[in-house]
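# Inside the fold
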Amino acid sequence: MPDFPYINARVRAMHSRLLDSSRLEELLALPTLEAFVQALGQTPYGPQLQEALTRHSGLRAVDEALARNFHQTTTRILSFADGRARDLIEVVLMRWDVANLRALLRGKHVGRSADDIRDALLPAGSLSEVALKELAAAPDVPGVVGALSAQEHPLAPALAEGLGEYRERGDLLALEQRLARFYAAYGLRRAAGRGHSAAVLRRVLQAEIDATNVKTALKLQQATLAPEDRLRFFIPGGRLVDDRLFLALADPATAAQGLYGLRLQGFPVRGPVEDLAAFERDLDLALIRAQAGLYRGDPLEIDVVIGYLAQKYNEVVNLRLIARGKALGIPRERVRREMVGV
């Protein structure tokens, strides 16, 4: 059995430093961004914030401090592990590499500035803050792929293979799906084998694959494509969504039947999807809550690590929301509705 008892003892000590709901509510109630920055300096994010304030001010300093704290957290957890435990934790952390690359590709695709793109990134996996800054400085999508290849990242080949099609068609969704498909296959391959921790990680990955397939299928309802062309976007490896269900969801004529099939299998969907953005947010919320709940799982296995990382990530996201609310003058109740409780 991988040495998760040793790892989890240290992760539980880190968990004790998470901000509770009352502390978040206090931060939300502060009147200005300046007051929020001062109060954040009195939390475990203080050291990173003080360092960030030597280079930036306001929201930019908060973003940098939160990102650096999260990266240091994940790096520390990885330093506790070796062997099989380290292999499994690396798979968990690579999901943030995927998320960061997706944000980079989308930003470059629509012509956002490097500074704007950096604000959306959260280093946690093997892509460090320095590596992400280099990628954000690339001029366009091919530049991002080229810079990633130069870093010899495991995800680079998947993007490089799809670059020709992107140049020809400008189809960002297809490029993103290559990235998600590679990570799904890579993660499931690394999580193969016996044992509780491997099985838990496979279930987490399969739930994410199912969610990605549902989101993609619903988007494809707006496209006029033959079934075989729709299947190009399907990611195998999920537990609930197979290729037939994917095709049913991707076709407006059979989408209601597909959603009914999802509900029968316990997938978190209640009825017709009228607001795709809201549906995707609810689905992401269900996933993060399920992963956060693993913290109360087997204390001798990977459950605790996955659960803590989900809770830590959620805390960082909520703090970013509060900071932006203060900077933009967004009403407190509106910010609270956007925050995620786990």
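One can find the structure itself at the top, above this paragraph.
All of these numbers come straight from a predicted model, not from anything done at the bench.

### Comments concerning the overall build of the chain
- Looking only at helices and strands, the chain features 18 helices and zero strands.
- The C-alpha atoms of the chain give a radius of gyration of 20 Å, which matches the 20 Å a tight globule of 342 residues would have.
- The buried share among the 342 residues of the chain stands at 49%.
- Residue pairs in contact within the chain that sit at least 24 positions apart in sequence constitute 65% of those at least 6 positions apart.

### Examining the packing of aromatic side chains
- Considering all chains together, one arrives at five aromatic pairs under this definition.
- The interplanar angle of 75 degrees and the centroid separation of 5.3 Å between the aromatic rings of Phe70 and Trp96 together place this pair among those described as edge-to-face. In this pair, Phe70 sits in helix α5 (residues 58-79) while Trp96 sits in helix α6 (residues 83-109), placing the two residues 26 residues apart along the sequence.
- Taking relative accessible area as the criterion, Phe70 reaches 0% and is therefore assigned buried.
- An angle of 15 degrees between the planes, with centres 6.1 Å apart, marks the rings of Phe182 and Tyr186 as stacked. Taken together, the positions of Phe182 and Tyr186, both in helix α11 (residues 172-190) and four residues apart, correspond to about one turn of that helix.
- Residue Phe182 is classed as partly exposed on the basis of its relative accessible area, which comes to 26%.
- The buried category is assigned to Tyr186, whose relative accessible area is 14%.

### Thoughts on the environment of Leu93
- Secondary-structure assignment places Leu93 in helix α6.
- Expressed as a C-alpha distance, the spacing of Leu93 and Gly125, which sit 32 residues apart in the sequence, is 4.7 Å.
- Not counting chain neighbours up to four residues away, the residues in contact with Leu93 comprise Thr74, Leu78, Ala124, Gly125 and Leu309.

### Brief notes about helix α16 (residues 276-293)
- Relative to the 26 Å expected for 18 residues at 1.5 Å per residue, α16 spans 26 Å between its end C-alpha atoms, a close match to the ideal helical length.
- Along α16, the residues that are buried comprise Phe279, Glu280, Leu283, Leu285, Leu287, Ile288, Gln291 and Ala292.
- Against α6, α12 (196-220) and α17 (303-328) lie the buried residues of α16.
- Regarding α16, its N-cap is Asp275, as a side-chain oxygen of that residue lies 3.2 Å from the backbone nitrogen of Ala277 further along.

### Side note on the pattern of salt bridges
- Following the criterion strictly, the structure yields 25 salt bridges and no others.
- Between Asp63 and Arg320 there is a salt bridge; the shortest N-O distance is 3.7 Å. Placement of Asp63 in helix α5 and of Arg320 in helix α17 is noted, with a sequence separation of 257 residues between them. For the pair Asp63 and Arg320, a shared accessibility class is recorded, and that class is buried.
- For the salt bridge of Glu208 with Arg95, the shortest nitrogen-to-oxygen distance reads 3.5 Å. Taken as a pair, Glu208 in helix α12 and Arg95 in helix α6 lie far apart in primary sequence, 113 residues in all. As far as burial versus exposure is concerned, Glu208 and Arg95 are alike and both buried.
- What you see here is one network of salt bridges that share partners, running through Glu51, Arg55, Glu64, Arg68 and Glu129.

### Quick look at the environment of Arg320
- A residue is classified by how much of its surface remains accessible, and Arg320, at 13% relative accessible area, is buried.
- Residues Arg320 and Asp119, 201 residues apart in the sequence, show an inter-C-alpha distance of 9.9 Å.
- With residues near it in sequence (within four places) discarded, Arg320 still touches Asp63, Leu66, Ala67, Asp119, Ala120, Leu121 and Leu122.

### Regarding unusual backbone geometry
- Residue Glu152 is not a glycine yet carries a positive backbone phi of 55 degrees.
- With respect to the helices and strands, Glu152 occurs in the loop between α9 (141-150) and α10 (156-169).

Basis of the calculations
Residues numbered from 1 in each chain as written. Predicted model: local features only at pLDDT ≥ 70, side-chain atom pairs only at ≥ 80, totals over all residues. Heavy atoms only, no water. Helix = DSSP H or I, 4+ residues; strand = E, 2+ residues; numbered from the N terminus. Rg over C-alpha atoms; globule rule 2.2 N^0.38 Å. Buried < 20%, exposed > 50% of the residue type's maximum accessible area, 1.4 Å probe, protein only. Contact = heavy atoms within 4.5 Å. Phe/Tyr/Trp six-rings, centres within 6.5 Å; stacked < 30°, edge-to-face > 60°. Expected span 1.5 Å × (residues − 1). Polar contact = N/O pair within 3.5 Å; in protein donor to acceptor, adjacent residues only side chain to side chain. Salt bridge = Lys/Arg side-chain N within 4 Å of Asp/Glu carboxyl O.

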